[in-house]
Amino acid sequence: MPTYLEKEPWREGIHYSDLFEHYLYAVKEKPRRQLADWLLDYFYKTPDGTYRLPVDEGEAQAKEDARASGVHRRIKRFLAYLANGSIVPDHERPNAATLADWIRHCKRAGLYEQGKLLYEQGGLNLDHLPKEIAVDVEEDYQVCTRMLTRSGGEQRKKRKARTKA
């Protein structure tokens, strides 16, 4: 990824198709999980939909901590229960503090859609949280919503530009 971005320094990140092409030809021993499943465990998704490396040690450490704790997989599994309308087993059901941490993780990792879903459908009860944390969760939700509307507006502009051309 760094060599690709050195060749094209104007890019903020690398498109999934370019990563996938490199993955197909360069990686000999492929993991069982699909590329799209573990890509967000190592890279950040930009508002343009491309993937970038962590910018500093703090971001790199956050990704490493998330991989070690398996938070992304747990969020994905919980959201799958919600999407299917299934009953969430008690051992899979997060408490209010865990949901607040997950929403914060989604905001930091660029998983804005998942953060919004966790807030709206996850069963978060702000009354079970200290006031400071409840305010932080509200802010994280607002950021996720704002980023989704911003990226949705950019996508519409790109589509309009393509149809005019």
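Heads up: the structure comes first, above all this text.
Residues numbered from 1 in each chain as written. Predicted model: local features only at pLDDT ≥ 70, side-chain atom pairs only at ≥ 80, totals over all residues. Heavy atoms only, no water.

1. Considerations on the pattern of salt bridges
Reasoning step 1: Counted by the stated rule, this structure contains 5 salt bridges.
Reasoning step 2: Close ionic contact of Glu92 with Arg77 constitutes a salt bridge, the shortest N to O distance being 2.9 Å. In this pair, Glu92 is assigned in the loop between α5 (71–84) and α6 (96–109) and Arg77 in helix α5, connecting sequence segments 15 residues apart.
Reasoning step 3: Residue classification places Glu92 among the buried residues on the basis of a relative accessible area of 17%.
Reasoning step 4: Salt bridges here are not isolated pairs; linked through shared partners, they connect Arg104, Lys107 and Asp140. (Salt bridge = Lys/Arg side-chain N within 4 Å of Asp/Glu carboxyl O. Helix = DSSP H or I, 4+ residues; strand = E, 2+ residues; numbered from the N terminus. Buried < 20%, exposed > 50% of the residue type's maximum accessible area, 1.4 Å probe, protein only.)

2. Here's the deal with the side chain of His72
Reasoning step 1: Within the fold, His72 resides in helix α5.
Reasoning step 2: By relative accessible area, His72 is classed as buried at 11%.
Reasoning step 3: Leaving out residues up to four positions away in the same chain, His72 has contacts with Asp37, Leu40, Asp41, His105 and Leu111. (Contact = heavy atoms within 4.5 Å.)

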